[in-house]
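Residue-level structure breakdown
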Amino acid sequence: MTVNEGLRLMAGVFTLVSILLAHYVSPYWLLFTGFVALNLIQSAFTRWCPAMMILRKLGLRDA
């Protein structure tokens, strides 16, 4: 698995979990969904994402 694939997986899991938490626990969890979306948008323009650094430290390789 590459860093890009890991990043997509992480964003998808975080989004799905936060939507489920918003439905079953509190609608305030949608703020976390928005945070994930804003981070993805920011990384598209700057080509920098904190999650990518974490995934590299976990041993995932670049494409």
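For the structure given in this document, a descriptive report is provided here. (Residues numbered from 1 in each chain as written. Predicted model: local features only at pLDDT ≥ 70, side-chain atom pairs only at ≥ 80, totals over all residues. Heavy atoms only, no water.)

**Concerning the environment of Asn4**
So the rule is basically this: Every helix listed is a DSSP run of H or I at least four residues long, and every strand listed is a run of E at least two residues long, numbered separately from the N terminus. Should any heavy atoms of two residues lie within 4.5 Å, those residues are considered in contact.
In this fold, Asn4 is placed in helix H1 (residues 3-24). With 38 residues separating them along the chain, Asn4 and Gln42 place their C-alpha atoms 15 Å apart. Setting aside residues no more than four positions away along its own chain, Asn4 makes contact with Met52 and Ala63.

**Structural notes on the nonpolar core**
Note the following rule: Residues belong to one nonpolar core when they are buried, are Ala, Val, Leu, Ile, Met, Phe, Trp, Tyr or Cys, and are joined through side-chain atoms within 4.5 Å. Throughout, exposure labels follow a simple rule: accessible area from a 1.4 Å probe, protein chains only, divided by the maximum for the residue type, with under 20% read as buried, over 50% as exposed, and the rest as partly exposed.
Counting six residues, the largest nonpolar core consists of Val3, Leu7, Cys49, Ala51, Met52 and Leu55. Contributions of two or more residues to this core are made by H1 and helix H3 (50-57). For this core, the element with the highest residue contribution is H3, accounting for three residues. Those residues in contact with Met52 that sit more than four places away from it in its chain are Val3, Asn4 and Leu7.

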